[in-house]
Amino acid sequence: MGDKAKIATIIGARPQFIKAATVSRAIGHNSHSTQSQPITEILVHTGQHYDDSMSEVFFRELEIPKPDYNLGIGGGTHGRNTGRMIEAIEAVLIKEKPRWVLVYGDTDSTLAGALAAAKLHIPVAHVEAGLRSYNRIMPEEINRILADQLSTLLFCPTETAIANLKKEGFPNKLTADTEQTIINIGDVMYDAALFYATKSEEKSCIMRTLQLEPKKFVLATIHRAENTDNPERLKGILDALSQIAGEISVILPLHPRTKKQLELLDSSPLAQRSFSITFIEPLGYLDMVMLEKNAKVIITDSGGVQKEAYFHGVPCVTVRNETEWVELIEAGANCLAGTRSKTICEGFQKMKDQTIETTRLYGDGNSAGKIVKLLSKDCWRI
Ligand code: UD1
Ligand code: UDP
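What comes next is a walk through the structure. (Residues numbered from 1 in each chain as written. Chains lettered and ligands numbered in written order. Predicted model: local features only at pLDDT ≥ 70, side-chain atom pairs only at ≥ 80, totals over all residues. Heavy atoms only, no water.)

## As for the pattern of salt bridges
(1) Moving on: Under the defined criterion, the tally for this structure stands at 23 salt bridges.
(2) Moving on: Between lysine 6 and glutamate 96 there is a salt bridge whose closest N-O contact spans 2.8 Å. Within this pair, whereas lysine 6 is found in strand β1 (residues 5–11), its partner glutamate 96 is found in helix α3 (residues 78–96), the two being separated by 90 residues in sequence.
(3) Moving on: Take lysine 6: its relative accessible area is 23%, and that puts it in the partly exposed class.
(4) Moving on: A relative accessible area of 14% means that glutamate 96 is categorised as buried.
(5) Moving on: In this structure, the salt-bridge partner of aspartate 353 is lysine 296, at a minimum N-O distance of 3.2 Å. (Salt bridge = Lys/Arg side-chain N within 4 Å of Asp/Glu carboxyl O. Helix = DSSP H or I, 4+ residues; strand = E, 2+ residues; numbered from the N terminus. Buried < 20%, exposed > 50% of the residue type's maximum accessible area, 1.4 Å probe, protein only.)

Below, the structure written as C-alpha cells:
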C-alpha cells in the first residue's frame, strides 16, 4: 500500500462531535489496514461550541482524538462565524493538503468546511446529506442545501434523503466526466447509540443524582433558533412544559442559546409558571443516553434527539411544524406538535402511552465503517 490517504474532518457543534466519534473510531480501525488504503485523519474543531459541557466533555467521554486544530471561532453571528471559519479552514487545508474534507450535518461549521474545500478543489464528503425541512427560515436548511451542492460524495442517512436529492436534480456533473455520488449509508447516530449504550450503563449515575425512576419523567430539549429567539413562542413552549410538569416531572438540560434567551424574558414565565420544570446544565452524551432510555416521553426540537428517542423505543413529541426525519412520523414514533402551548400538551397526551417498535429505519449500525471504506478507495479523484 502507498502513503496514507489524509482526510480533514471539520467539526464544531455538539451533534458533530457525536457523529464524528463513530467515524474517527472506524478510521482508527482502518489505519493499519492491509486490505484498503490506510487513512489518517486531521481533526479541525472550528470552536463553534466551546463550553466544556458543549464540547470537551464529548471528546473525553467518547474518546475522540484531540483536535489537531482548534480555530476558536464561536459566539458570533452566522455570517461573521462562517466567514472567519472559511478563512481559517482554508489556511489549514492549504497546509495539510488532504485528499478529502469530511463535513457533518448542517451547521455553520459544515458550510464553512465545504466552501473552503470546494474553492481549493478538494473533494468534499458530506455525512447526513439530502435532509430537507423545506423551511428556509432555518439557518440549517441553507447550510445543508449549499453543502450538498458542494459535495462529491453525499452520504445520505435514509431513502427519504436520497429522494430529496433526486427531486433537486442530483447527482450533478462535477466535471465533463465525473459526477456526484449519492448513497444511502445509514445514520452514524445509530452507530453511536448502539456503541455507547453499554458504556452509558456502566458510567452514568444521572438517574441517582437526579433521583429519577424509570418512566416517571419527561425529558425535554429546546434549542432551535426559531423557538428560542421568539419570546412569545418560547413562553408558549415553557407554558406547555409547566403544564405537563403538573402531571409528571419534566427534566430540561438547557442549551446555552436557550439559557441566554430565558434570561432575557421577563421574570414571570420562568419564575412563576415554569417553577415545576427541572432545569439542568447540558449533559454529556452518556448521561443523555441514560435519561433518553428511561424517559416516558421525549419532547424536543432537536434533530438528533428525535432519532435517539426512536432508537431507545421512547415516544417523541417534536416542538416544530416540520421535521427532516419524516419516517419517524410515518412510523407513529414521533408527532409534530407545532410550537403552541395547547398543541404541545395535546401531543404529549397523544404520545404518552404509545409503544414504539424500533426497526431498521437508519441502517445496520455500521454506517461509519462503510463511510471509511468508501473514502479509502482510490477511484474518486476529480
Ligand atoms: C448550532 C447549529 C444547529 C445545531 C446546534 C446543536 C448553526 C446555524 N446551528 O446551533 O444546527 O442544532 O448547534 O446544538 O450552526 N453558546 C455558548 N456556549 C457554547 C455554544 C454556544 O454560550 O458552547 C451560545 C453563544 O452565545 C452562541 C449561541 O449559544 O452565540 C448559539 O450558538 P451557535 O453555535 O451559533 O448556534 P446553536 O444554537 O448552538
Ligand atoms: N445531547 C447531549 N446532551 C444534552 C443534549 C443533547 O449529549 O444535554 C446530545 C443528544 O443526545 C444528541 C445530540 O446531542 O446526540 C443532539 O444535539 P443537539 O440537539 O444540540 O443538535 P441537533 O441534533 O438538533 O442538531
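## Things to note about the sheet that holds strand β2 (residues 39–45)
Pairing between the strands of a sheet comes from backbone hydrogen bonds, and it takes one of two forms, parallel or antiparallel.
(1) Moving on: As summarised here, the arrangement of the seven strands in space is β3-β2-β1-β4-β5-β6-β7, forming an open sheet in which the pairing is parallel. Taken across any chain shown, the strands that pair with only one partner, and hence form the sheet edges, are β3 (69–70) and β7 (181–184).
(2) Moving on: Pairing of strand β5 (residues 124–127) with strand β6 (residues 153–156) involves three bridges; the strand directions are parallel. Along β6, the bridge assignment pairs valine 127 with phenylalanine 155. (Pairing = 2+ DSSP bridges.)

## Focus on the site of ligand 2
(1) Moving on: Around ligand 2 sit 19 residues, and of these Arg224, Leu283, Ser302, Gly304 and Glu308 come closest.
(2) Moving on: Arginine 14 is positioned such that a nitrogen or oxygen atom in its side chain is 2.9 Å from an oxygen atom of ligand 2.
(3) Moving on: Measuring from an oxygen atom of ligand 2, one finds a side-chain N or O atom of histidine 223 at 3.4 Å.
(4) Moving on: Considered on its own, ligand 2 offers 530 Å² of accessible surface; in the complex 95% of this is hidden by protein. (Near = heavy atom within 4 Å. Polar contact = N/O pair within 3.5 Å; in protein donor to acceptor, adjacent residues only side chain to side chain. Areas by Shrake-Rupley, 256 points an atom, 1.4 Å probe, with all protein chains shown as cover.)

## As for the site of ligand 1
(1) Moving on: In the vicinity of ligand 1, 21 residues are found, and the nearest of them are Gln48, His49, Glu140, Arg257 and Lys260.
(2) Moving on: Here aspartate 51 contributes a backbone N or O atom positioned 2.8 Å from an oxygen atom of ligand 1.
(3) Moving on: A total of 750 Å² of accessible area belongs to ligand 1 in isolation, and the protein chains cover 92% of it.
(4) Moving on: Breaking the shell around ligand 1 down by element, the ones donating at least two residues are α5 (139–150) and α11 (256–264).
(5) Moving on: Of the residues contributing to the shell around ligand 1, the split by class is six nonpolar, eight polar and seven charged. (Nonpolar A, V, L, I, M, F, W, Y, C, P; charged D, E, K, R; others polar.)

## Observations regarding the state of the cysteines
(1) Moving on: As enumerated under the stated definition, the model contains zero disulfides in all.
(2) Moving on: The structure places no disulfide on cysteine 316, whose sulfur is separated from the nearest cysteine sulfur, that of cysteine 335, by 8.3 Å.
(3) Moving on: Accessibility expressed as a relative area gives 1% for cysteine 316, which makes it buried. (Disulfide = S-S within 2.5 Å.)

## Some thoughts on the nonpolar core
(1) Moving on: Ranked by size, the top nonpolar core spans 54 residues in total, and within it Val23, Leu62, Leu102, Phe155, Tyr285, Ile371 and Leu375 carry the most contacts.
(2) Moving on: It is helix α1 (residues 14–30) that contributes the most residues to this core, seven residues altogether.
(3) Moving on: The contacts of leucine 375, once residues within four sequence positions are left out, are Ile7, Ile39, Trp100, Leu102, Ala125, Leu153 and Phe155.
(4) Moving on: With 27 residues, the next largest nonpolar core counts Val218, Ile237, Leu238 and Ala240 among its residues. (Core = buried A, V, L, I, M, F, W, Y, C linked by side-chain atoms within 4.5 Å. Contact = heavy atoms within 4.5 Å.)

## Topic: the packing of aromatic side chains
(1) Moving on: Scanning the model with the defined rule gives eight aromatic pairs in all.
(2) Moving on: Pairing phenylalanine 17 with phenylalanine 58 gives two aromatic rings, centres 6.4 Å apart and planes at 35°, and the pair type is tilted. With phenylalanine 17 in helix α1 and phenylalanine 58 in helix α2 (residues 56–61), this residue pair connects regions lying 41 residues apart in the sequence. The exposure classification of phenylalanine 17 matches that of phenylalanine 58, with both residues buried. (Phe/Tyr/Trp six-rings, centres within 6.5 Å; stacked < 30°, edge-to-face > 60°.)

## Considering the environment of proline 123
(1) Moving on: Tracing the chain through its elements places proline 123 in the loop between α4 (108–119) and β5.
(2) Moving on: Here proline 123 falls in the buried class, since its relative accessible area comes to 11%.
(3) Moving on: Distance from proline 123 to leucine 153, taken between C-alpha atoms, is 7.9 Å for residues 30 residues apart in sequence.
(4) Moving on: Excluding residues within four positions of it along the chain, proline 123 makes contact with Arg99, Trp100, Val101 and Thr152.

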